[in-house]
Each structure stands twice: as structure tokens, then as C-alpha cells.
Amino acid sequence: MHQFKMSKCFSFTGSRDWFYRNSFANAGLRSVRTDLGEGTVMHCWVPKIQNKSRPNLLLVHGFGANAMWQYGQHLRHFTSRFNVYVPDLVFFGESYTTRTDRTESFQAQCVMRMMEEHGVPRMSLVGISYGGFVGYSMAAQFPEKMEKLVLCCAGVCLEEKDLEEGFFNVADLDEALSILLPQTPEKLRELMRFSFVKPAARWVPNYFLTDFIDVMCTDYLEEKRELIRAILKDREFSNLPKITQRTLIIWGEEDLIFPLELAHRLKRHTGDSAELVVIKNAGHAVNIEKPKEFIKHLKSFLFDSSSSTPSSAHSGLLLRYWSEYKFGLTKHN
């Protein structure tokens, strides 16, 4: 009985959050809240010392726990080469707004305004799931400020009619909301089944799952439901803007939340500027389920340009002049 009481008093989720907070601080980042005005506050982990000679990398989380949980085990791979920024999107972690806009376009504008406040002129971005929706919108709205883009299991090519036509593994939006924003251990287990090929949640006691829900899944619940509704509302593939940045699309082959067909749609839409990597035996949470493969592909894609991609706005112009010069030589030869 005494042991049970101790386990009920101890928050595994809270202690894990504390661990991540310390690991981010030890990686050279500090926690900063930025007031953007108009009732909007953005929280972000930013470099304690910004190295102007390094490129900038923005890591954008999806639904689930806060940004620290989704990037905690990957952070160390990037802080030695990049100025790394890890924000909480609006209504996650310590970020919020009193405005009523729930679109990923608004989220993208908030993130970009925050980055401008931190004096970041250009950046590459990794976006996981919903973070990929936001990242795609940033690339479309602010092309001159975005360098490379990594979209991980981000179903930006979905359409509202996909849900109605049974493309997803849920009957309707209400069922999807109950799974994506779990409020009971049973629903959290269901989310794990949708997210992982081999979910471990069935072996986890209910009180651990309840603890996770209490700490991570209860704040801004209705606002998060509105964010998901806004993703789907009147969404048509034909209205999705084109982006021109070099893009890496990473997908779990057995993703049940955003099926693999959406990855192929996105590759067709982005064309030659994008490459698609499909990771076998992985689901939607590929960054957690297959972390070594996930990092391998990120390093190959991002490190390739960390030294050769200038962070100034003149990089595109210089590249064009060089290409024209080479083409001229080729013509005359």
C-alpha cells in the first residue's frame, strides 16, 4: 500500500520533463519567452551564445508532448554545427495567444516573428507531423528566409474529402480528435497503436499513462481541437502552394495517422526540389521509433549544406551567377 502511494505521488512525466529541461540547458540553450504583442507569447529554446558564423536550424514539434520530448534525444547532434532554436508552437508548452486564428499559416507567422525578434535572418527547418504543416507554410510565406526543409510524416497534401472517403483509419473527425488528444489511458494506448509499429503502451500501468495525460494533454485542450479542425477545414490539394526550397521528406512506411500515400503526393507536388526517404518498420513517430535512421538522414541532408549554404540573403544570387558562368563555359566548349 505504501509503495502504491509513493508511485501515485511521484510524477514520471514531470521528472522526465525536468531531465529534458536540464539536458537542453547543458546543450547550450536557454529558455526564453517573447511577447509578440496582440496577446501572443512564444516560448523558445535559443542558443545562450549566437554564433554568427554558423547556420541556423529550427526544430518544430508536432502534437503530443512539448518540443523537448520530441527533440530531446536528437539535440546533441546539431548544437555543435548550428545555432539551434526549438520553439513551443502556440497552445503548446508555454506559448499561447488570445487571438482566434487557428491556421498553420498563423502559427508560421508567429514562429517567423519570434525568429526575427531573435535576430535570425535565414534558417533551415525540421518539422515533425503538425510541425511540418507549420514549416511548409513558413517556406511558402517566407521563401527568402528559409533554406532547407525537412518534413517528417507531415500530411500537408491531405484533403478534407480524404476523411469523408475513408482514407484514414478513423470514422470521422470526432474520433480522430479523441485519439490525437487522449484524455483516458485507453485513448492514449490507441494513439500509441496508431503511432508505433511496436507500441509499448500496453505494458505500461494505467497510473503512468494517467500521469502523462495530466501533465501533457490537458492544457489548452479546446484550442488544440480547433487547431486540428483548422487543418482539415475546406482543405484541397489544388490550393496547396508550391515551395522551391530543397526538401527532405521522411516517412514511416507503416504510418497509420498520415498514410504513406501522402508522402508520395507531397513528393509529386514538390518535384525535383525534394527527395523522399521511407523508413521501414516505422510508424508515425519515426523520430522516436527509429532515431538512428532518422538522424542519419537528417545529418546527410543538413550537414551537406551547413558549410556551403551561406546564411546571407545573397546566397541565391551568388549561386545563380555561378550557374550561369558554368553554363556559359559549357556552351562555348
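Per an unreviewed UniProt entry, the chain goes by Monoacylglycerol lipase abhd6-A and derives from Herrania umbratica.

(A) Region of interest: the overall build of the chain. Along the chain, the regular secondary structure elements total 14 helices and nine strands. The buried share among the 333 residues of the chain stands at 51%. With the model as given, the accessible surface of the chain reaches about 16,200 Å², and the carbon-plus-sulfur share is 54%.

(B) Region of interest: helix α2 (residues 12-26). Between its first and last C-alpha atoms α2 spans 21 Å; for 15 residues at 1.5 Å apiece the expected length is 21 Å, and the two agree. Along α2, the positions that sit buried rather than exposed are T13, D17, Y20 and F24. Along the axis of α2, the buried positions cluster into a sector of 60°, meaning they face one direction only. Exposed positions of α2 whose direction lies more than 90 degrees from the buried face are W18 and N26. Structurally, α2 contributes buried residues whose contacts are with β1 (29-37), β2 (40-47), α3 (67-71), β4 (83-88) and α9 (206-216).

(C) How the structure looks around the pattern of salt bridges. Counted according to the given criterion, the structure contains 18 salt bridges. In this structure, the salt-bridge partner of R225 is E222, at a minimum N-O distance of 3.3 Å. One end of the pair is R225 and the other is E222, both in helix α10 (residues 221-232) and three residues apart, which spans about a single turn. We note a salt bridge from K280 to E253, for which the minimum N-O separation is 3.5 Å. Taken together, the positions of K280 in the loop between β9 (274-279) and α12 (286-289) and E253 in the loop between β8 (247-252) and α11 (261-270) put the pair 27 residues apart, joining distant regions of the chain.

(D) Molecular detail of the pairing of β1. As judged from the eight bridges shared by β1 and β2, these two strands associate in the antiparallel manner. What sits directly across from L29, in β2, is P47. Linking β1 back to β2 in an antiparallel pair, the connection comprises two residues, with E38 at a positive phi of about 55°.

(E) View of a negative patch on the surface. Residues E160, E164, E165 and E236 make up a contiguous surface patch of negative charge. By the secondary structure assignment, E160 is in helix α6 (residues 160-164).

(F) Quick peek at unusual backbone geometry. In this model, E38 sits at a positive phi of 55°, which is unusual for a non-glycine residue. Within the fold, E38 resides in the loop between β1 and β2. Despite not being glycine, D234 shows a phi value in the positive range, around 55°. Structurally, D234 can be placed in the loop between α10 and β8. Given the relative accessible area of 52%, D234 is considered exposed.

Quick notes on the rules
In every chain, residue numbers begin from 1 and rise along the written sequence. Restriction of local features to residues with pLDDT of at least 70 applies here, the model being predicted, together with a cutoff of 80 or more for giving and counting side-chain atom pairs; totals for whole chains, interfaces and linings are based on all residues. Side-chain figures throughout are based on the complete set of non-hydrogen atoms in the structure, without hydrogens or water. Here a helix means four or more residues in a row that DSSP labels H or I, a strand means two or more in a row labelled E, and each is numbered from the N terminus. The buried label applies to any residue whose accessible area, calculated with a 1.4 Å probe on protein chains only, is under 20% of its type's maximum; exposed applies above 50%, and partly exposed to all values in between. Here the Shrake-Rupley method, with its probe set to 1.4 Å, supplies the accessible areas, and only the displayed protein chains count as covering residues. Helix span, expected: 1.5 Å multiplied by one less than the number of residues in the helix. The arc refers to the directions leading from the helix axis to the C-beta atoms. Here, two residues are considered to be in contact whenever any of their heavy atoms come within 4.5 Å of each other. Salt bridges are defined as contacts in which a side-chain nitrogen from Lys or Arg sits within 4 Å of a carboxyl oxygen from Asp or Glu. Two strands are said to pair when DSSP picks up at least two bridges between them. Patch membership is restricted to residues that have no salt bridge and whose relative accessible area is over 30%. Joining uses 9 Å for like charges and 5 Å for the nonpolar side chains Val, Leu, Ile, Met, Phe, Trp and Tyr. The charge count treats Lys and Arg as positive and Asp and Glu as negative. His and the chain ends do not count. Every charge is mapped onto a representative atom, which is NZ of Lys, CZ of Arg, CG of Asp or CD of Glu.

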